[in-house]
Amino acid sequence: VLDRVDLRIAPRERVAVVGRNGAGKSTLLRIAAGVLHADGGTVSLGRGEDLGYLAQDQAIAGKHTLWEEAQRAVQPVLELERRAQALFAVEADGDDDALMARLEEADALHEAFRVRGGFRVEADIGRVLAGLGFTAQDWERPAEEFSGGWQVRIALARLLLQRPSYLLLDEPTNHLDIETRTWLLLELKGWPGGVVVVGHDQDFLDQLVHRTIEVRAGGIVSSSGGYTAWVEARALRIAQLVEASRKRAEERAHIESFVNRFRYQASKASAVQSRVKMLDESP
């Protein structure tokens with residue numbers, strides 16, 4: 001599907017991936033996310049960087065409630081505070097050096113918890129769930145009870161709460177209404193990391209991305225600007241190809257006319273042979 005593709009995404013870049021159905025857009029994201037293994041090549045990230053991937057019809061399995069599913073996304077942050085509190089709770093054993101080491105470790109964990117937004121975790125969960133259209137009454141519902149489109153919203157909520165360095169989103173607006181789509185657009189515009197979106201939502205992409213990647217013929221073509229800029233550039237390229245093809249056909253017809261007219265004139269034999277060669281070599 002893809003051959004010798006080289007794609008680099010800057011830390012805060014916003015990129016659209018476009019192309020016809022079956023061109024390999026989803027395959028490109030799945031390889032980048034590690035869901036699909038390529039026959040060759042590598043996917044590399046900077047130190048401390050990670051990826052978050054949203055598939056088109058991603059579903060949530062299990063008996064957890066909506067709130068619990070969202071909370072699981074921030075479990076690593078909550079675990080920092082749990083470990084800190086466990087260290088603080090250890091009774092002194094008379095070894096001052098050991099006590100000091102435990103307190104320093106606990107303090108470091110507590111600071112990491114603070115830096116990673118631990119004190120606003122519940123507020124963030126509520127904000128993201130509300131932004132994606134869930135009500136407070138939905139919080140205690142089992143996640144598996146929600147329909148397919150809402151399942152994708154749950155997966156998207158978890159991804160946004162995890163806050164990975166790069167978001168890879170495959171058709172994220174497919175199941176969103178206008179209000180939720182607008183909320184997501186604002187969320188992604190303010191995202192501190194890189195964002196790569198497969199989609200056909202022209203207005204959404206125009207407002208979000210800085211670069212558009214077209215997947216075609218097993219490769220990729222990069223252009224600056226949003227979806228509209230890509231559509232216009234593509235239309236211009238097609239028009240240029242059509243015009244070039246027309247000119248070639250016109251030139252070929254002219255040469256064929258010359259050959260047919262002077263084929264049997266000895267004085268024109270050299271010119272005729274030259275033009276026959278041109279016909280043989282032309283595409």
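This text gives an overview of the structure that appears in the document. (Residues numbered from 1 in each chain as written. Predicted model: local features only at pLDDT ≥ 70, side-chain atom pairs only at ≥ 80, totals over all residues. Heavy atoms only, no water.)

### Observations regarding the packing of aromatic side chains
Here is step 1 of the chain: Under the defined criterion, the tally for this structure stands at 4 aromatic pairs.
Here is step 2 of the chain: Relative to F146, the ring of F134 lies with its centre 5.5 Å away and its plane at 85°, an arrangement referred to as edge-to-face. Of this pair, F134 sits in the loop between α5 (121–131) and α6 (148–162) while F146 is found in the loop between α5 and α6, placing the two residues 12 residues apart along the sequence.
Here is step 3 of the chain: Its relative accessible area of 8% is what places F146 among the buried residues.
Here is step 4 of the chain: One aromatic cluster in this structure is built from F134, F146 and W150. (Phe/Tyr/Trp six-rings, centres within 6.5 Å; stacked < 30°, edge-to-face > 60°. Helix = DSSP H or I, 4+ residues; strand = E, 2+ residues; numbered from the N terminus. Buried < 20%, exposed > 50% of the residue type's maximum accessible area, 1.4 Å probe, protein only.)

### Section: the environment of V152
Here is step 1 of the chain: Note that V152 resides in helix α6.
Here is step 2 of the chain: Here V152 falls in the buried class, since its relative accessible area comes to 5%.
Here is step 3 of the chain: Separated by 94 residues in sequence, V152 and Q58 have C-alpha atoms that sit 5.3 Å apart.
Here is step 4 of the chain: Beyond its immediate stretch of four places on either side in the chain, V152 contacts L54, Q56, D57, Q58 and H175. (Contact = heavy atoms within 4.5 Å.)

The analysis is restricted to geometry; functional conclusions fall outside its scope.
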